[in-house]
Amino acid sequence: MADQGDVITVRGLVKRYGPVEAVRGIDLDVHRGEIFGFLGPNGAGKSTTISILCTLVDKTAGSATVAGWDVARHPQEVRSRIGLVFQDPSLDNQLTARQNLYFHALAYGVPRHQRSERIRAALEMVGLEDRADVQVITYSGGMKRRLEIARGVLHHPEVLFLDEPTIGLDPQTRATVWDHLREIRAQTGTTIFMTTHYMEEAEWCDRIAVIDHGRIVALGTPDELKDQMGGDVVVVTTSDNQRAAEQITSRMGAAVTSDDGTLRVDVPNGPEFVPQLVRALDVEVKTVTVRRPSLDDVFLKLTGRAIRDEEVDSAGALHRAMAQRWQGGRR
């Protein structure tokens, strides 16, 4: 049974596209007021899951409730209680920021006497009050993303869904956007449910779910997930990585992961392991480093691969279709 403090509850969620099972029996609870991160490689099922939660895609089996409403039986009730920021821009560039928010307020039935104040507060929250009456076409990518977030919270949703909210932005702008997201959560208590492939963003989440091949393979706080690695990560490059990996496995009994020209070995004690490693190999060791586990290491260990930027690019058509359905059916 879901906790009364949970704003999203998912049980046995399944989605099939013909013979392909994109989501395979997911169970998930998202606590009210938390920032929840959803991580997974392309094709893992995260976009499909979010699409179901936002009432954009019908489930095949299982159940899902958002803000207390069943997504299948009461889609309009769900839509009125959520905000959604897509990957692809959906602002009207010929309008000003204030005009974009005004039409959003109309669409969501924000009371007439509250519209001006809500628009002012939303723009102030994302630091755009001084550009409120400037055409959006003049905005930078980061400013547009902040305006989309302001639009997403204008109608005071219980849950704000963010699909790759800072994709394509430089690190400094991403940090600025996140400052505003944390401020929104602090001021309004809005639950934030987001996908990202930037691991530094995942570090800022209260909890993270890792999904792979349609199943959730790990769930916890960033620290809890890193603690599951148990010890240190030793990263090695050699003159013959394939031979070195075979020797590390056969002679030292350690599992090796190969990624981007390096070998990674998870060990309880890195400083003790390194001298044994050098003695065990008959190939030249070029570099060796010891560090604490990161979320990148966790993800690589759980899924066997790293998230790459191009993985999110390949989903562009799906996100555009989702946006069109959302814009057409949200009223």
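Residues numbered from 1 in each chain as written. Predicted model: local features only at pLDDT ≥ 70, side-chain atom pairs only at ≥ 80, totals over all residues. Heavy atoms only, no water.

**Quick notes on the packing of aromatic side chains**
Argument step 1. Counted under the stated rule, the structure contains five aromatic pairs.
Argument step 2. Centroid distance Phe36 to Phe193: 5.3 Å. Interplanar angle 25°. Geometry classified as stacked. In this pair, Phe36 sits in strand S3 (residues 35-39) while Phe193 sits in strand S8 (residues 191-195), placing the two residues 157 residues apart along the sequence.
Argument step 3. In this structure Phe36 comes out as buried when scored by relative accessible area, which is 0%. (Phe/Tyr/Trp six-rings, centres within 6.5 Å; stacked < 30°, edge-to-face > 60°. Helix = DSSP H or I, 4+ residues; strand = E, 2+ residues; numbered from the N terminus. Buried < 20%, exposed > 50% of the residue type's maximum accessible area, 1.4 Å probe, protein only.)

**So, the state of the cysteines**
Argument step 1. Applying the stated rule across the entire model yields zero disulfides.
Argument step 2. Left without a disulfide partner, Cys54 is nearest to the cysteine sulfur of Cys205, which lies 16 Å away.
Argument step 3. A relative accessible area of 5% means that Cys205 is categorised as buried. (Disulfide = S-S within 2.5 Å.)

**Things to note about helix H3 (residues 97-107)**
Argument step 1. Listed as buried for H3 are Ala97, Asn100, Leu101, His104, Ala105 and Ala107. For H3, the angular spread of the buried residues around the axis is 160°, confining them to a single face.
Argument step 2. In this structure, the buried residues of H3 make contact with helix H4 (112-125) and helix H5 (141-153).
Argument step 3. Positive backbone phi, at 65°, marks Gly109, one or two positions downstream of H3. (Arc of directions from axis to C-beta. Contact = heavy atoms within 4.5 Å.)

**Focus: the nonpolar core**
Argument step 1. One finds Leu123, Leu147, Ile149, Leu162, Leu181 and Ile208 to be the most contacted residues of the largest nonpolar core, which totals 45 residues.
Argument step 2. Here this core takes five residues from H5, the largest share from any one element.
Argument step 3. The residues contacting Leu162, other than those within four sequence positions of it, are Val85, Ile149, Leu181, Ile192, Phe193, Met194 and Thr195.
Argument step 4. Of all hydrophobic cores here, the second largest spans 31 residues; its members include Leu28, Leu53, Val57 and Phe193. (Core = buried A, V, L, I, M, F, W, Y, C linked by side-chain atoms within 4.5 Å.)

**Some details on the sheet that holds strand S11 (residues 232-238)**
Argument step 1. Across the sheet, which stays open at both edges, the four strands sit in the order S12-S13-S11-S14 with antiparallel pairing between neighbours. If you trace the sheet from one side to the other, it starts and ends with strand S12 (256-259) and strand S14 (285-291), each paired once. Ignoring which end each strand starts from, the neighbouring axes of this sheet average 25° apart.
Argument step 2. Here S11 pairs with S14 via six bridges, running antiparallel. Bridging across to S14, Val235 finds its partner in Thr289.
Argument step 3. Across the sheet, helix H10 (residues 270-280) touches S11, strand S13 (262-267) and S14, and the angle it forms with S11 is around 25°.
Argument step 4. Set on the sheet, helix H11 (residues 295-303) makes contact with S11, S12, S13 and S14; between it and S13 the angle comes to about 95°. (Pairing = 2+ DSSP bridges. Axes fitted to C-alpha atoms, helices over the stretch in contact; angles between N-to-C directions.)

**Focus on the pairing of strand S1 (residues 6-17)**
Argument step 1. Pairing geometry for S1 and strand S2 (residues 20-31), over nine bridges, is antiparallel. Its bridge partner being in S2, Lys15 is matched across the sheet by Val23.
Argument step 2. Between S1 and the antiparallel strand that follows it, S2, lie two residues; Gly18 among them carries a positive phi value of about 65°.
Argument step 3. Across five bridges, the pairing between S1 and strand S4 (residues 61-66) is antiparallel.

**Topic: the packing of H3 against H5**
Argument step 1. Across the interface, H3 lies against H5 with an axial gap of 10 Å and an inter-helix angle of 25°. In terms of orientation, H3 lies roughly parallel with respect to H5. For the crossing formed where H3 meets H5, the hand is right-handed. The segment H3 lies against H5, with Ala97, Leu101 and His104 engaging Leu147, Ala150 and Arg151. (Parallel < 35°, antiparallel > 145°, perpendicular 65-115°, else oblique. Left-handed = near helix turned anticlockwise from the far one by under 90°.)

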